[in-house]
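Each chain, letter by letter, is given below.
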Amino acid sequence: APVPKGVPVYQYGVPRFDFLPFRRVLLEPVVVYTAPDHGFGDIPQAERQALARFIDANAPRILGGGAVKLAEAPAPDVLRLRLTLVGMTRSRPLLQGVSYAIPVGAARNLAKGAAGGSGVFMGSVILAGEFYDTSTGALAAGFLAQRSPNAVNLLAIASESAAAEQGALSLLEELRGRFDARAAERR
């Protein structure tokens, strides 16, 4: 089902699955999706793997920094999170930089940034996530989301893949926010 607010996120939850007993998350290494319907276009495998390693390096810091803690092994209170890198688009740094330099482009990027949107010529990332009960192996929930960083995120213009990296960080932070909201509901 689409998530409200018009953001490009789809989520699935197993009906009547009880999330309350789960307090920790076990992260699996990021998998790169290779089926013919992937969203990478002509981006080489090495670049896809580099983005997967970037996500692997940052996920523990971001997801483990909130109310839900990371687990080292399966346990009754642990959900396993499998992230799959489904696609990415590259930024066009030169055109992106020019769009910030000319007045009409700067105004458009600032307006999009104020509304939470991405900038002109900015790349993106598509990530899927699946949560499994580590005790039973049963699927509990999943999501598919595409993200570009905010238009005023100047880190996103550093390279062709920087926007995809920043989009992935944004998705991980949103996921941590959802973890924190769930933890607050338990209190």
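Preceding this section is the structure that the text describes.
Another aspect to go through is unusual backbone geometry. In this structure, Arg 16 takes a positive phi of about 65° despite not being glycine. For Arg 16, a relative accessible area of 84% corresponds to the exposed category.

Within the largest apolar cluster, 33 residues are counted, with the highest numbers of intra-cluster contacts made by Ile 55, Leu 85, Val 125 and Phe 131. Listed by contribution, the elements that provide at least two residues to this core are α1 (45-63), β5 (78-89), β6 (124-133), β7 (139-147) and α4 (162-186). When residues of this core are assigned to their parent elements, the largest contribution, 7 residues, is made by α4. Discounting chain neighbours no more than four positions away, the residues touching Val 125 are Leu 51, Leu 85, Gly 87, Met 88, Ala 145, Gln 146, Arg 147, Ala 164, Gly 167, Ala 168 and Leu 171.

Now for the side chain of Ser 124. Summarising the element assignment, Ser 124 is placed in strand β6. In this structure Ser 124 comes out as buried when scored by relative accessible area, which is 4%. Separated by 3.0 Å, the side chains of Ser 124 and Gln 146 make a polar contact. Not counting residues within four places of it along the chain, the set of residues in contact with Ser 124 comprises Met 88, Thr 89, Gln 146, Arg 147, Ser 148 and Ala 164.

Criteria and cut-off values
Residues numbered from 1 in each chain as written. Predicted model: local features only at pLDDT ≥ 70, side-chain atom pairs only at ≥ 80, totals over all residues. Heavy atoms only, no water. Buried < 20%, exposed > 50% of the residue type's maximum accessible area, 1.4 Å probe, protein only. Core = buried A, V, L, I, M, F, W, Y, C linked by side-chain atoms within 4.5 Å. Helix = DSSP H or I, 4+ residues; strand = E, 2+ residues; numbered from the N terminus. Contact = heavy atoms within 4.5 Å. Polar contact = N/O pair within 3.5 Å; in protein donor to acceptor, adjacent residues only side chain to side chain.

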